[in-house]
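In case you want the letters, here they are:
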Amino acid sequence: MENIETNTRQTSNRTTGGFFNRLTRTHLYIIAYVFLGLLSFSLLVTAIVQGHKNKSNDNTNPSTIKTEVCLTQGCISAATYQLRSLDSSLVSNICSDFYTYACGGWQQTHPIESYEVERTILGDILDRRDIEIERLLNSPIIQKDDQHWEYKLKTYYSECLDDYARLPDSPKYMIGLIQNEDTINGWFLLDNSAPNASQKFLLKNQTLYTQLSHIHGDFGAGTIFGIRTRFDETDSSIKRLEFYPAGLSMEINDYLGNNSVSESRRAAYQFYMLEVLGLLARDQILQRNPTNSKPYITNLKDMSDEFQFDFKALMGHELSNPDAISILTPVYVTNRFYFMEAFQYFTQNNDPLVSRMIHNYLRWRLLWTYIDDLAYDYIHAHRTYLAAYFGYTLHTTNEAYCTREIIRRFPLAIQRLYTMNSTRSGSAVATVETIFNALKDGFKDYVNNRATWMPDEVTKNVAKEKVNALTAAIGYAKIASDDESLNKYYEQFPVTDESHFLNAINYQRFHRWSLSASLENPMVLDHWDLFESRPSRLFDYIAVFNQLFVIASGLHEPLVSSQWPLSVNIGSIGVLLAQKLFASIDGPEGRAHLANGTRYDWWAAPTIDAYNKSRNCITDYYVNDVKSVSYNINGAQIQVRLAGEPFSPTTLRHIGALRFAHSALMKIDSMKPMKIPGTNYTSEQTFFLAYAQTQCYQRQDLLQLVRTQLGIYDERIALNAALYHMPEFTQAFKCPVRQQQCFD
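Keep in mind that what you see is a predicted model, and the values were worked out from it rather than measured.

## Some words on the overall build of the chain
Helix and strand content of the chain: 30 helices and 11 strands. Burial status across the chain gives 51% buried among its 744 residues. For the chain, the exposed surface amounts to about 34,700 Å²; the carbon and sulfur share of it is 53%.

The structure is reproduced here in structure tokens:
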């Protein structure tokens with residue numbers, strides 16, 4: 001019996017094995033092709049069925065119904081995303097509320113998590129980018145040389161993650177830093193046992209300059225002001241230092257307000273300070289709201305005379321090379337009134353009580369600056385305070401926090417790490433370059449032939465010059481594409497695998513070097529400086545260079561894909577970039593800079609009058625047509641009436657950008673005769689749908705209520721307002737035409 005079973009099994013194995021052994025590579029290819037054929041057929045059937053479903057509600061010209069359906073891989077991929085995001089049950093809303101139709105499906109599948117207050121398309125792209133960067137940072141170090149940018153990047157990250165290794169050591173480092181007699185020289189709250197001294201007025205004998213030179217200069221704590229570089233407004237080849245207000249731990253209204261929110265935030269802040277100082281003791285066993293953000297030109301000598309403080313000497317601590325600037329070199333100061341009041345208060349050296357307060361404040365700001373670089377107890381206290389301050393728990397894992405810190409402190413190296421490990425980056429950059437060229441041509445045509453709100457030739461000629469001179473930087477600074485250049489750039493940033501706190505201190509020293517290097521070599525980052533300090537920004541127009549910047553790490557679906565048809569790419573990332581380009585002629589900075597970057601207000605009176613007429617028209621639309629919006633706040637419906645201002649200029653920019661992006665598509669789209677599968681939409685209709693789906697969002701009602709009261713309307717209101725003032729949209733979907741379009 002046992003032999004029979006054995007023989008049976010052997011026969012079975014031989015039969016099965018023989019079948020697979022007889023399969024040749026040709027057979028496998030045939031099977032694969034048959035499978036792919038069946039898959040394509042099923043997709044075709046799905047597209048046809050969905051197309052028939054849409055026919056009854058399809059606002060298209062009947063003569064174009066028989067147009068061929070595009071079944072390329074790119075069309076199917078784009079159609080899949082669009083069908084997933086829209087809500088086909090709301091197709092009848094196209095002419096009355098295009099946003100809810102375009103984004104209804106996305107909103108159903110993208111809820112706000114308990115730790116979030118909003119969710120947007122661009123936010124999701126940044127989150128996915130950060131997750132990918134986190135994965136790359138966790139990968140093994142290939143370059144073991146401690147001078148290599150990759151070693152420094154990943155070592156900094158691993159030390160940041162290692163909370164348990166930090167637990168016994170980092171507070172001791174901080175205490176040692178505070179007690180160092182050559183720099184901070186102690187803290188009254190921690191070492192107030194001097195004999196025969198009044199506990200009320202006891203204070204280390206340090207001048208304001210001595211304290212600021214170390215706490216602000218050497219260790220980078222924001223106390224009274226901050227320092228950064230900016231390009232000269234009259235010569236974009238030169239960089240200047242800029243001094244700006246800084247130092248409040250909370251918003252100004254949180255200190256001055258008498259409402260329950262302000263009071264609860266002050267209470268949370270006081271508890272947080274006591275908890276952190278208690279931890280530090282354990283481990284040891286008033287400014288006004290800035291009124292003017294426009295900078296003015298001065299120099300260090302005049303600053304020192306006006307504010308009674310030696311700013312030139314301070315540069316020895318703020319810059320690694322203080323000779324990079326002289327006492328007469330022009331600098332920018334933002335908000336003169338703020339600096340006058342702040343230094344008037346901080347230089348009250350004759351009042352020992354005020355001196356004590358300043359002494360404590362400066363050391364608290366030092367501790368605040370490095371709170372997230374200390375042991376877990378300190379990090380937890382900070383997160384608890386933030387949860388109490390904002391009213392909800394922030395979901396911040398150590399990995400997410402450290403990834404954000406790495407992106408902020410190593411932006412060049414992060415770009416190199418990301419792009420060298422991304423197969424999509426190169427093709428996406430090429431696609432965006434094509435889109436930019438098409439947009440620029442469309443923009444030229446718009447200014448030359450359609451911008452009737454710009455009636456005078458003087459203004460129009462300047463606009464033409466600016467559009468003709470527009471350039472784009474797509475990718476990132478050249479230095480981020482070369483290992484040798486990056487190694488040299490980070491040469492002044494030593495990273496150790498023994499102490500994260502020491503790495504954080506070393507970053508501040510590196511920042512001092514980078515300020516000096518930026519003054520000495522303004523072009524070292526190819527004008528990408530803005531993105532060094534704003535890592536969450538994916539693209540922007542910078543007026544002083546008349547240039548569009550698009551960062552490579554943000555070039556992902558659903559913004560762009562090299563396989564997608566032009567109607568989707570120009571409708572998505574194309575319109576978003578067009579909005580930035582349109583700001584070159586109508587934005588606050590764009591209309592104040594000429595093509596060569598010189599600051600000059602170039603709008604003539606006829607253009608100002610015509611623009612204001614369009615602005616008033618849009619304002620009337622919000623006030624008389626939309627009227628109000630309702631929010632659910634703790635179960636109560638709150639109605640907010642819309643004023644139209646100051647949001648109407650944003651709506652005009654959206655209309656203008658949509659108009660010339662649409663024109664650019666219609667000129668170059670070779671797929672105009674074809675329709676997208678599933679939606680059965682033409683290229684023109686797909687363009688508008690693609691743009692609408694870049695605006696999908698979820699947001700807590702309380703946050704949006706505050707934004708609306710400040711004049712920042714939600715994406716649904718903004719999108720619908722722009723589309724309903726566009727004849728191109730109403731014609732594409734056969735919607736009723738508005739009698740007054742407001743903006744040409």
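Once you've had a look at it, read on.
## Points about a nonpolar patch on the surface
A cluster of nonpolar side chains, contributed by Leu702, Val706, Leu710 and Ile712, occupies part of the molecular surface with about 360 Å² of accessible area. By the secondary structure assignment, Val706 is in helix α28 (residues 701–709).

## Considering the nonpolar core
Judged by nonpolar contacts, the single largest core of 193 residues is most densely connected at Phe98 and Phe243. Not counting residues within four places of it along the chain, the set of residues in contact with Phe98 comprises Asn93, Phe688, Leu689, Ala692, Asn720, Leu723, Tyr724, Phe729 and Phe733.

## Structural notes on the packing of aromatic side chains
Evaluated as defined, the whole model comprises 68 aromatic pairs. Ring centres of Tyr345 and Phe346 lie 5.7 Å apart, and the angle between their planes is 85°; on these two criteria the pair is classed as edge-to-face. Overall, Tyr345 belongs to the partly exposed group, its relative accessible area being 22%. Phe346 sits in the buried class, given a relative accessible area of 5%. Through successive ring pairs, a cluster of aromatic residues spans Tyr209, Phe225, Phe243, Phe307, Phe309, Phe311, Tyr338, Phe339 and Phe343. Its guanidinium or amino end placed over the ring of Tyr244, Arg228 lies 3.9 Å from that ring's centre, counting from NZ or CZ. We note Arg230 situated over the ring of Tyr332; from NZ or CZ to the ring centre the distance is 4.7 Å.

## Concerning the sheet that holds strand β5 (residues 330–334)
Taken in spatial order, the four strands line up as β2-β3-β5-β4 in an open sheet, and their pairing is mixed. Edge positions in the sheet fall to β2 (225–231) and β4 (295–299), since each of these pairs with one other strand and no more. Neighbour-to-neighbour, the strand axes of this sheet turn through a mean angle of 30°, independent of strand direction. Alignment of strand β3 (residues 239–245) against β5, held across two bridges, turns out to be parallel. Counterpart to Phe243 in the pairing with β5 is Val333. Along the sheet, helix α12 (residues 300–307) makes contact with β3, β4 and β5, crossing β4 at roughly 100°.

## Here's the deal with the packing of α12 against helix α13 (residues 311–318)
Relative to each other, α12 and α13 sit at 115°, their axes nearing to 8 Å. Contacts between α12 and α13 pair Leu300, Met303, Ser304 and Phe307 from the former with Phe311, Lys312 and Met315 from the latter. Split into classes, the residues belonging to the contact of α12 with α13 amount to five nonpolar, one polar and one charged.

## Overview of the sheet that holds strand β7 (residues 539–542)
Judged by pairing direction, the sheet is mixed, and its three strands sit side by side in the order β6-β8-β7 without closing on themselves. Bordering the open sheet on either side are β6 (471–475) and β7, each of which pairs with just one other strand. For this sheet, the mean angle separating the axes of adjacent strands, direction not counted, is 15°. Summarising the sheet, β7 and strand β8 (residues 547–551) pair through four bridges and their orientation is antiparallel. Each residue of the ladder has a partner; that of Tyr541, found in β8, is Leu548.

## A closer look at the state of the cysteines
What the rule picks out here adds up to five disulfides. The disulfide that involves Cys160 links it to Cys402, with 2.1 Å between the sulfurs. Residues Cys160 and Cys402 are joined through a disulfide that is left-handed, its torsion about the S-S bond being -85°. Disulfides within the chain link the bonded cysteines, taken in sequence order, as 1-2, 3-9, 4-8, 5-6, 7-10.

## Some remarks on the packing of helix α26 (residues 648–668) against helix α29 (residues 715–724)
Following both chains from N to C, one finds α26 and α29 inclined at 55°, their axes separated by 9 Å at the closest point. Judged on the interaxial angle alone, α29 and α26 are oblique. Relative to α29, the crossing made by α26 is right-handed. In this structure, α26 contributes Thr651, His654, Ile655 and Leu658 to the contact, and α29 contributes Ala721, Ala722 and Leu723. Partitioned by chemical class, the residues of the contact of α26 with α29 number five nonpolar, two polar and no charged.

## Quick notes on the pairing of β4
Taking burial as the measure, the five residues of β4 include four buried ones, the bulk of the element. One ladder, built from five bridges, connects β4 with β5; its direction is antiparallel. Following the sheet pairing, Ile297 is matched in β5 by Tyr332.

Scoring rules and cut-offs
The residue numbering used here restarts from 1 in each chain and proceeds along that chain's sequence as written. Only residues with pLDDT of 70 or above have their local features reported here, since the model is predicted, and side-chain atom pairs are shown and tallied only from 80 upward, although totals for entire chains, interfaces and linings are computed over all residues. With hydrogens and water excluded, all non-hydrogen atoms of the structure serve as input to the side-chain values. Only DSSP runs of H or I reaching four residues or more are called helices, and only runs of E reaching two or more are called strands; each is numbered from the N terminus. Three exposure classes are used, based on accessible area relative to the maximum for each residue type with a 1.4 Å probe and protein chains only: buried under 20%, partly exposed in between, and exposed over 50%. The method behind every accessible area is Shrake-Rupley, applied with a 1.4 Å probe, and residues are considered shielded solely by the protein chains displayed. Patches here: salt-bridge-free residues with over 30% relative accessible area, like charges joined within 9 Å, nonpolar side chains (Val, Leu, Ile, Met, Phe, Trp, Tyr) joined within 5 Å. What counts as a salt bridge is simple: a side-chain nitrogen of Lys or Arg found within 4 Å of a carboxyl oxygen of Asp or Glu. Here, the term nonpolar core denotes a set of buried Ala, Val, Leu, Ile, Met, Phe, Trp, Tyr and Cys residues that are joined through side-chain atoms within 4.5 Å. Only heavy atoms matter for contacts: two residues are in contact if any of them lie within 4.5 Å across the pair. A pair of aromatic rings is counted whenever rings of Phe, Tyr or Trp (Trp by its six-membered ring) have centres within 6.5 Å, and the orientation is called stacked for planes under 30 degrees apart, edge-to-face for over 60 and tilted otherwise. Whether a charge lies above a ring is judged from NZ of Lys or CZ of Arg, which has to be within 6 Å of the ring centre and within 35 degrees of the ring normal. Two strands form a pair only when DSSP identifies at least two bridges running between them. Every angle, taken between N-to-C directions, lies between 0 and 180 degrees, and every axis is a line fitted to C-alpha atoms, over only the stretch in contact when it is a helix. The residue classification treats Ala, Val, Leu, Ile, Met, Phe, Trp, Tyr, Cys and Pro as nonpolar and Asp, Glu, Lys and Arg as charged. All others, Gly included, are polar. Pairs of cysteine sulfur atoms within 2.5 Å are identified as disulfides in what follows. Here is the rule for angles: anything less than 35 degrees is roughly parallel, anything more than 145 is roughly antiparallel, 65 through 115 is roughly perpendicular, and the remaining ranges are oblique. Two helices crossing with the near one rotated counterclockwise from the far one by less than a right angle form a left-handed crossing, whereas a clockwise rotation gives a right-handed crossing.

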